[in-house]
Amino acid sequence: MDRVQLQNNVFSYFNKLGDEIDWRALSTPIEVHLIAKTQYLFQQGESAERLYFLHSGLVRYVSVSSEGKEFTQTFAKGPRIIGSTRAMVTQSPVLFGIQALEDSIITSYNWAEFYQQMRHDKAFLECYIHFLEAIFIAKEERESAFVKDSAERRYLEFCVSYPELKDQIPQQYIASYIGITPVALSRIRQKLKLRNHS
């Protein structure tokens, strides 16, 4: 897939969020990142001041505590925008890393240049607002689930959201994502297995 096609894919994604955007103002170059399974697009503490777009593949957002313990914050499957809004806007080191769970094709733009060139396009701004709204809604729902739902319910919701992942990725990734230990997750999976066979 060449750069023109990849760029058109990004444009199509934004256009689906709202009215047709006039992309003629955009001149900042697109960069292509081919990230192999287990490799990182960037790691916690690095600079990530770019707008990233995951064309194909699967990644996880992972943060590491001061004791070296990993926490999976979320998963993302292409096509969609990925990255850190905080790092883009504030130009500060990113608070998490993005690791490929399968071979992934990602493109990126320098965010400062991208936004400077597109900020006068009303359709683009409306699409970007819709995107940010979706992020905040998902964050609010996830935080609510941690307060209100049992670990079993969170695991079942994970299976609904990512049905292809429950048997494909390391169980410790799933466990940290739903906020429990791998041992507790193993018990939940065994309990559900017995229930389904009874």
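These lines cover the structure that appears in this document, whether it is placed above or below. (Residues numbered from 1 in each chain as written. Predicted model: local features only at pLDDT ≥ 70, side-chain atom pairs only at ≥ 80, totals over all residues. Heavy atoms only, no water.)

Before going further, it helps to examine the pairing of strand β5 (residues 70–77). Judged from the seven bridges that link them, strand β4 (residues 58–64) and β5 form a sheet pairing that is antiparallel. Its bridge partner being in β5, Val64 is matched across the sheet by Glu70. Remark: five residues form the turn of the hairpin made by β4 and β5, two consecutive strands paired antiparallel; Gly68 in that turn has positive phi of roughly 90°. (Pairing = 2+ DSSP bridges. Helix = DSSP H or I, 4+ residues; strand = E, 2+ residues; numbered from the N terminus.)

On to the side chain of Ser63, then. Turning to its location among the elements, Ser63 is positioned in strand β4. Assessed through its relative accessible area of 15%, Ser63 is described here as buried. Within the structure, the side chain of Ser63 is placed 3.3 Å from the side chain of Gln73, a separation counted as a polar contact. Excluding anything up to four places from it in sequence, Ser63 contacts Gln44, Lys69, Glu70, Phe71, Gln73, Leu95 and Phe96. (Buried < 20%, exposed > 50% of the residue type's maximum accessible area, 1.4 Å probe, protein only. Polar contact = N/O pair within 3.5 Å; in protein donor to acceptor, adjacent residues only side chain to side chain. Contact = heavy atoms within 4.5 Å.)

Turning to the sheet that holds strand β8 (residues 104–110), a few remarks are in order. Across the sheet, which stays open at both edges, the four strands sit in the order β1-β8-β3-β6 with antiparallel pairing between neighbours. Whereas interior strands pair on both sides, the edge strands pair on one side only; in this sheet they are β1 (31–35) and β6 (80–82). This sheet shows a mean twist of 30° between the axes of neighbouring strands, independent of strand direction. Note that strand β3 (residues 50–56) and β8 share six bridges and pair antiparallel. Bridge pairing in β8 links Phe53 to Thr107. (Axes fitted to C-alpha atoms, helices over the stretch in contact; angles between N-to-C directions.)

The subject of this paragraph is the sheet that holds strand β7 (residues 97–100). Within the open sheet, the four strands sit side by side as β2-β7-β4-β5. Their pairing is antiparallel. Strands with a single pairing partner mark the edges of an open sheet, and in this sheet they are β2 (40–42) and β5. Neighbour to neighbour, the strand axes of the sheet diverge by 30° on average, direction disregarded. Bridge count for β2 against β7 is two bridges, and the pairing is antiparallel.

So, about the nonpolar core. Membership of the largest hydrophobic core comes to 21 residues, with the highest contact counts inside it found for Phe14, Ile21, Trp23, Phe114 and Phe124. Those elements that place two or more of their residues in this core are α1 (3–16), β3, α3 (111–118) and α4 (122–148). At five residues, α4 tops the list of elements feeding residues into this core. Core analysis: the next-biggest nonpolar cluster, separate from the first, contains 18 residues, Phe158, Tyr162, Leu165 and Ile178 among them. (Core = buried A, V, L, I, M, F, W, Y, C linked by side-chain atoms within 4.5 Å.)

The next point concerns the layout of surface pockets. There is about 1300 Å³ of room inside the largest pocket. For the largest pocket, the lining is made up of 37 residues, of which Thr74, Ile135, Ala138, Lys139 and Arg142 are closest to its centre. Counting residues per element, the ones that place at least two in the lining of the largest pocket are β3, β5, β6, α2 (85–90), α4, α5 (151–161) and α6 (171–178). Ranked by the residues each element gives to the lining of the largest pocket, the list is headed by α4, at twelve residues. Looking at the lining of the largest pocket residue by residue, the classes come out as 21 nonpolar, six polar and ten charged. Quantified by volume, the second largest pocket comes out at close to 190 Å³. Every residue lining the second largest pocket is listed: Arg60, Lys69, Glu70, Phe71, Gln172, Tyr173, Ala175, Ser176, Gly179, Ile180, Thr181 and Pro182. Looking at the lining of the second largest pocket, the elements that each hand over two or more residues are β5 and α6. In terms of residues, the lining of the second largest pocket owes the most to one element, α6, which gives four residues. Considering only residue class, the lining of the second largest pocket consists of five nonpolar, four polar and three charged. (1 Å grid on protein atoms, 1.4 Å probe; cavity = no way out; pocket = protein on both sides within 12 Å on 5 of 7 lines; lining within 4 Å. Points joined across faces, edges and corners; volume = space filled by probe spheres on them. Nonpolar A, V, L, I, M, F, W, Y, C, P; charged D, E, K, R; others polar.)

Nothing here speaks to function; it is all geometry.
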